[in-house]
Each structure stands twice: as structure tokens, then as C-alpha cells.
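Working through the structure, step by step
Each chain, letter by letter, is given below.
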Amino acid sequence: QVFPSPFSLLPLLSSYFPYPRWIAYEKMKAALIFLFALVAFAAAQDANEPADSDVVVLDVSNFEETAGEGTWMIKFYAPWCGHCKNMIPTWEAVATTLKGKVNVGKVDVTANQDLGKRFSIKGFPTLIKMKDGKFDTYSGPRTEEALVAFAEKEMSEGASAVPPMPAAAQAELEEAVPEGPSDVIELNDKTFEHDTQASSGSTTGVWVVEFFAPWCGHCKNLAPAYEKLATALKGEVNVAKVDGTQSQVSMKRFGVKGFPTIILLDEGKYYTFEGERSLAGMKEWAQGGYKSTTPVAVPEEPTFMDIAIDALFQSGTDCMTVIKHLPHTAVMFAMGGFLLGFLLAIFMFGCRVKVVEVPAKAKED
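Description of the structure in this document. Just so it is clear, the structure is predicted and the values come from calculations on it, not from any experiment. (Residues numbered from 1 in each chain as written. Predicted model: local features only at pLDDT ≥ 70, side-chain atom pairs only at ≥ 80, totals over all residues. Heavy atoms only, no water.)

**Digging into the overall build of the chain**
Helix and strand counts for the chain come out as 14 helices and 12 strands. For the chain, the proportion of its 365 residues judged to be buried stands at 35%. Surface summary for the chain: the accessible area is close to 21,700 Å², and the carbon and sulfur share equals 59%. (Helix = DSSP H or I, 4+ residues; strand = E, 2+ residues; numbered from the N terminus. Buried < 20%, exposed > 50% of the residue type's maximum accessible area, 1.4 Å probe, protein only. Areas by Shrake-Rupley, 256 points an atom, 1.4 Å probe, with all protein chains shown as cover.)

Next up, the structure:
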């Protein structure tokens, strides 16, 4: 075991309680078991997707190749959607029932917006059946029996043709990422200012920096062209990238609100790229085209106090996010914390009995 069991600490903790040790141990053990059961139950309510799933995960990079052949039932969903969460067990059961006959997949539209636009997805969850270049949108009851019946019947006469992938997206997808070591420099919160000298720009030259997220479909599509940009500009312009999910301080410093965001740093100012995300478009912009746009002064590097205050506010935001999107888990954690604190208070302060012997003279009086 990497970490000791929480129960191994109970004999030590119980030595501080006014109860006899064995009573304190048993009560603490029962309280912890109850608390862990509550949390496990809540987690199961909020995230009930099995690890061994028959549902195929589809995204921009594998949709054409994977879903281009055979019959498919596909769910377009959003992670925050309550109806989508409630449908997870049913969709898993449908995938298991249809295994070997009809393929069942899912698309996270928040991370694959191109696919959402391609199929004109307006709400979540949206269910379609796709076969032989056509697709039907399902509008019946969301039960396992109804969905299986819909999947097994023939395509309707009014089925729509599957929209083609946009030419620009197809071209970017077909580009292979260059083999060998990458010319893109990886930056993070600790190395950003040191390597780029963004505040002054006096020693390291011009920098093109992409803020990305590993789950972002647009970022994945951009990767081949961005790698080629770094190779083409090597020795002329520094080309770098920052994982925004791991470098929140740099994200906030430059006001990054979405992915991918590309900026250029030059002489203490920065420019935001708003053109076509192609190799030619980015290269022309980095080699001087950026000068035709309005620059913004690079914000000062955040101090320790700035980071601490941001972290405090972020903690509050995260708590509100958990309450909003994982209500079961939030309530159970709150109940468990209250229960555990209440029991600890009782064990430590509420169970002391002081016996006072009354003098004999006082008894006579």
C-alpha cells in the first residue's frame, strides 16, 4: 500500500478521547465507514459510467475512420447535462445488447464542436442512427427497448444524408504531425517569464505562444500545422505552447478565455492572432503581419500575493461548480463533514463526567 489505511490511525487518535479506548475505536471506525459509504454512494450517483464499457468514444480525430462503416447509434452529449447523466445506464445497456450487431458510440460536443455543428446539434442528448451515408434522428422514448428497436429497424425513407466534413477541417486532419523531436517549446507558469522575458522582451526575441487544452478538439486539429510553423520559423521566431489546464496563472495573466488562443510577444507587448489557423496564415502573421493589429501591454508577472488571492477565489468557484454539477457528492461531503466533526466534538469534549464527593457535614445540613 502506498498510503496507510485510515483505520491504522484510530488507536493513536482514540488515546486522546475520554471514552475507554475500545469504545472510542469502535465508534470512530463506524463513523468513518458510514462517511466512506456516503461518499462512495454519491460518487456512484454523479459518475456511473462503468470502466468496462461497450460504448465507443468518438471525436473529431477518429469519427470518419471509425464511424464511416457499418451501422451506428451515436449519442451527442455534454458532460454537464443532467439528462445525459441520467441516460448513461440506459445507453450502456443498449451498447451491450446491440454488441456485434450495431455499433454504439458517444460524442462530447463541448470538446468536439465541429461535429456538433456538422450534425446541427441543438440540444442534449441528441441521438442519431447512421448507416450507408445517411442518418436518422431519434425522437422516441429513451428506454432500452425502444432504442434497441430503433437501432435494429431499417433506415426511414426520410433519412438525411450525412453532412461532409468541412474542407478546412479535412485538410488539417490529413496533415501528419512531423516525425522526430518537436521544435515547439513547452512553457508553464514557472518557466514562462524566465524563458520569454515577456515583460520586456529585451533578450529573447519574438515569441508565438499557443494556449491549449489536451481535451480540445480544435487544438488537436491545429497541432500538425503548429508543429510545421515551429520548424519553418526556427531561428527566426520562438514558437511555444502552454497547457492552460496546468498553467492557470499564465492563462489569467493574458486573459485567455478559450482554446486554442495564440498570442505573439514582442518588446513588452502582445498581439492576439485572429486569422485563419493554417500554416500559411500563421506564418505570415508571425513574420510581420501582427504589426497591423493593435498591441496590448504585457501585464506584470503576478506576485505571490496575487496568486494566493486568485487561488482563494478559485477555490470558492470550484466549490460552487461542485455544488452545481455534482450535487449528490457535495451534499454527502457536507453531511459527512458535519457528522465527523460532531462525533469528534462529542468524543473530545462532550463525554467528560466529573464526580464531586459531597462532604459528610454538607450531607447532614
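**Here we look at the sheet that holds strand 3 (residues 103-108)**
Strand order in the open sheet formed by six strands is 1-3-2-4-5-6, and the pairing between neighbours is mixed. The outermost strands of the open sheet, each flanked by one partner alone, are strand 1 (56-58) and strand 6 (160-161). Of the pairings in the sheet, the one linking strand 1 to strand 3 comprises three bridges and is parallel in character. When the sheet's bridge partners are listed, Val57 is paired in strand 3 with Lys106. (Pairing = 2+ DSSP bridges.)

**Digging into the packing of helix 9 (residues 217-232) against helix 11 (residues 279-286)**
Across the interface, helix 9 lies against helix 11 with an axial gap of 9 Å and an inter-helix angle of 40°. The pairing of helix 9 with helix 11 is recorded here as oblique in orientation. The handedness of the crossing between helix 9 and helix 11 is right-handed. Note on element contacts: helix 11 touches helix 9 through Leu279, Met282 and Lys283, opposite Leu222, Ala225, Tyr226, Lys228, Leu229 and Ala232. Residue composition of the contact of helix 9 with helix 11, grouped by class: seven nonpolar, no polar and two charged. (Axes fitted to C-alpha atoms, helices over the stretch in contact; angles between N-to-C directions. Parallel < 35°, antiparallel > 145°, perpendicular 65-115°, else oblique. Left-handed = near helix turned anticlockwise from the far one by under 90°. Contact = heavy atoms within 4.5 Å. Nonpolar A, V, L, I, M, F, W, Y, C, P; charged D, E, K, R; others polar.)

**Digging into the sheet that holds strand 12 (residues 296-297)**
The six strands lie next to each other as 7-9-8-10-11-12, forming an open sheet whose pairing is mixed. Pairing within the sheet leaves two strands with one partner each, and these edge strands are strand 7 (185-187) and strand 12. Contacts between helix 9 and the sheet are confined to strand 8 (207-212), strand 9 (238-243) and strand 10 (261-266), with strand 8 contributing the most and set at about 165° to the helix. Contacts between helix 11 and the sheet are confined to strand 8, strand 10 and strand 11 (269-272), with strand 10 contributing the most and set at about 25° to the helix.

**Some remarks on a nonpolar patch on the surface**
Taken together, the side chains of Met305, Ile309 and Phe313 present a nonpolar region at the surface, about 340 Å² in accessible area. Within the secondary structure, Ile309 is located in helix 12 (residues 304-325). (Patch = residues over 30% accessible without salt bridge, like charges linked within 9 Å, V, L, I, M, F, W, Y side chains within 5 Å. Salt bridge = Lys/Arg side-chain N within 4 Å of Asp/Glu carboxyl O.)

**What to know about the environment of Tyr226**
Here Tyr226 is to be found in helix 9. Among residues more than four places away in sequence, those in contact with Tyr226 are Val184, Val208, Val209, Glu210, Val239, Ala240, Lys241, Ile262 and Met282. Among the polar contacts listed, one links the side chain of Tyr226 to the backbone nitrogen of Glu210, at a separation of 3.2 Å. (Polar contact = N/O pair within 3.5 Å; in protein donor to acceptor, adjacent residues only side chain to side chain.)

**What about the environment of Asn103?**
On the secondary structure map, Asn103 appears in strand 3. Discounting chain neighbours no more than four positions away, the residues touching Asn103 are Glu69, Thr71, Trp72 and Met73.

**Considering helix 4 (residues 82-97)**
If you check helix 4, its first and last C-alpha atoms are 24 Å apart, about what 16 residues at 1.5 Å a residue would give, namely 22 Å. Taken as a whole, helix 4 carries its principal kink of about 45° at Ile88; the proline Pro89 stands between one and four residues after it. Considered for burial, the residues of helix 4 that qualify are Cys84, Lys85, Met87, Ile88, Trp91, Glu92, Val94 and Ala95. (Expected span 1.5 Å × (residues − 1). Bend = angle between axes of the 7 residues up to and from the residue.)

**Focus: helix 9**
In this model, helix 9 (16 residues) spans 24 Å end to end at C-alpha, consistent with the 22 Å of a helix rising 1.5 Å per residue. Of all the bends found along helix 9, the most pronounced is centred on Ala223 and spans about 45°, while Pro224, a proline, follows it within four residues. Here helix 9 has its buried residues at Gly217, Cys219, Asn221, Leu222, Pro224, Ala225, Tyr226, Glu227, Leu229 and Ala230.

**Some details on the packing of helix 4 against helix 6 (residues 144-152)**
Where helix 4 contacts helix 6, the two axes come as close as 9 Å, and the packing angle between them is 45°. Here helix 4 is positioned oblique relative to helix 6, judged by the angle of their axes. For the pair helix 4 and helix 6, the sense of crossing is right-handed. Within the contact between the two elements, helix 4 uses Met87, Thr90, Trp91, Ala93, Val94 and Thr97 and helix 6 uses Glu144, Leu147 and Val148. For the contact of helix 4 with helix 6, the class distribution of residues is six nonpolar, two polar and one charged.

**Observations regarding the pairing of strand 9**
One ladder, built from three bridges, connects strand 7 with strand 9; its direction is parallel. Across the sheet, Leu187 pairs through a bridge with Val242, a residue of strand 9. Regarding the hand of the β-α-β motif, the stretch spanning strand 8, helix 9 and strand 9 is right-handed. (Right-handed = clockwise from strand over helix to strand, strands pointing away.)

**With respect to unusual backbone geometry**
Outside of glycine, negative phi angles account for most residues, and trans bonds account for most peptide bonds. A cis amide bond, omega -10°, links Phe124 with the succeeding residue Pro125. Relative to the elements of secondary structure, Pro125 occurs in the loop between helix 5 (113-118) and strand 4 (126-131). Even without being glycine, Ser120 reaches a positive phi, approximately 55°. On the secondary structure map, Ser120 appears in the loop between helix 5 and strand 4. Unlike most non-glycine residues, Asp132 shows phi in positive territory, near 50°. Tracing the backbone shows Asp132 in the loop between strand 4 and strand 5 (134-137). Among the residues examined, Asp132 registers a relative accessible area of 69% and is labelled exposed.

Everything listed is a geometric property; what it means functionally is a separate question.
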